[in-house]
Amino acid sequence: MAQIQQPEPATDSKAFPDTLTKEIDLVQRDPKNINQDVVQVDFEDVIAEPDSTHSFDGVWKASSTTFTITKYWCYRVISAIFGLPLALLWGFLFACLSFCHIWAVVPCVKSYLMEIQCLGQFYAACVRTFCDPIFETVGKALGGIRVALRKEV
C-alpha cells in the first residue's frame, strides 16, 4: 500500500517572510518599472539643435554636462531633504489605507453581499410566484400566431 506523505507544517519564517529585514537592491531601484516612462529625461530629450543651427562645440558639451550634473545633484539634495519625511508620510498613509481596507471595506462589502443575497432570493421568489404565470399564459396565448408575408403585385 502506498503511503501518503503529509506536508510539513509551515514554520514561522516560511509562513510570514520578514519584510522588515529583507535585502534592498541598491542597483535596480525600480524592479517593477513603475517609473519607466515618467521621469527618464536626458539632455537630448529637452534641448536639441537642428542641423542648420549649432552653437560652439564647447558650449554644447558644457551645457550637456551642466544639465546632467545639475539634474543629478538637485535630485539627490531634494531627496535627501524630503525623502525621509515623505517616506514616513507615505508609509503612514498606506498603513491607514490597509487598515481601512482590512477592518472596514472588506467586512462592509461582505455584509452587503450577504444582505443582497437574501433580497435577491426574495425577489426571485416574487418573480416566480407572480410574473412567471403571467408570462407563461401570454406566451401560450400568443404562441399560436403565425405570420406570413405575401407580396402582391
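Residues numbered from 1 in each chain as written. Predicted model: local features only at pLDDT ≥ 70, side-chain atom pairs only at ≥ 80, totals over all residues. Heavy atoms only, no water.

A.B. asks: How should the packing of aromatic side chains be read in this particular structure?
C.D. replies: Given two aromatic rings, their pairing is described by the distance between the two centres and the angle made by the two planes. Tallied over the entire structure, the rule returns 5 aromatic pairs. Considering the side-chain rings of Phe43 and Trp60, the 4.9 Å spacing of their centres and the 65° angle between planes classify their relative orientation as edge-to-face. One end of the pair, Phe43, is in helix H2 (residues 43–46); the other, Trp60, is in helix H3 (residues 57–142), with 17 residues separating them in the sequence. Judged by its relative accessible area of 29%, Trp60 falls in the partly exposed class. By way of ring pairs, the aromatic residues Phe43, Trp60 and Phe67 are connected into one cluster. The positively charged end of Arg76 is found above the aromatic ring belonging to Trp73, 5.5 Å away from the centroid. (Phe/Tyr/Trp six-rings, centres within 6.5 Å; stacked < 30°, edge-to-face > 60°. Helix = DSSP H or I, 4+ residues; strand = E, 2+ residues; numbered from the N terminus. Buried < 20%, exposed > 50% of the residue type's maximum accessible area, 1.4 Å probe, protein only. Lys NZ or Arg CZ within 6 Å of the ring centre and 35° of its normal.)

A.B. asks: In this structure, what is going on with the pattern of salt bridges? I would like to understand it.
C.D. replies: Side-chain pairing between opposite charges can occur once the charged atoms of the two side chains come close. This model, assessed by the stated rule, comprises 1 salt bridge. We note a salt bridge from Asp42 to Lys71, for which the minimum N-O separation is 3.9 Å. Note that Asp42 is positioned in the loop between helix H1 (12–15) and H2 and Lys71 in helix H3, a separation of 29 residues in sequence. Residue Asp42 is classed as partly exposed on the basis of its relative accessible area of 45%. (Salt bridge = Lys/Arg side-chain N within 4 Å of Asp/Glu carboxyl O.)

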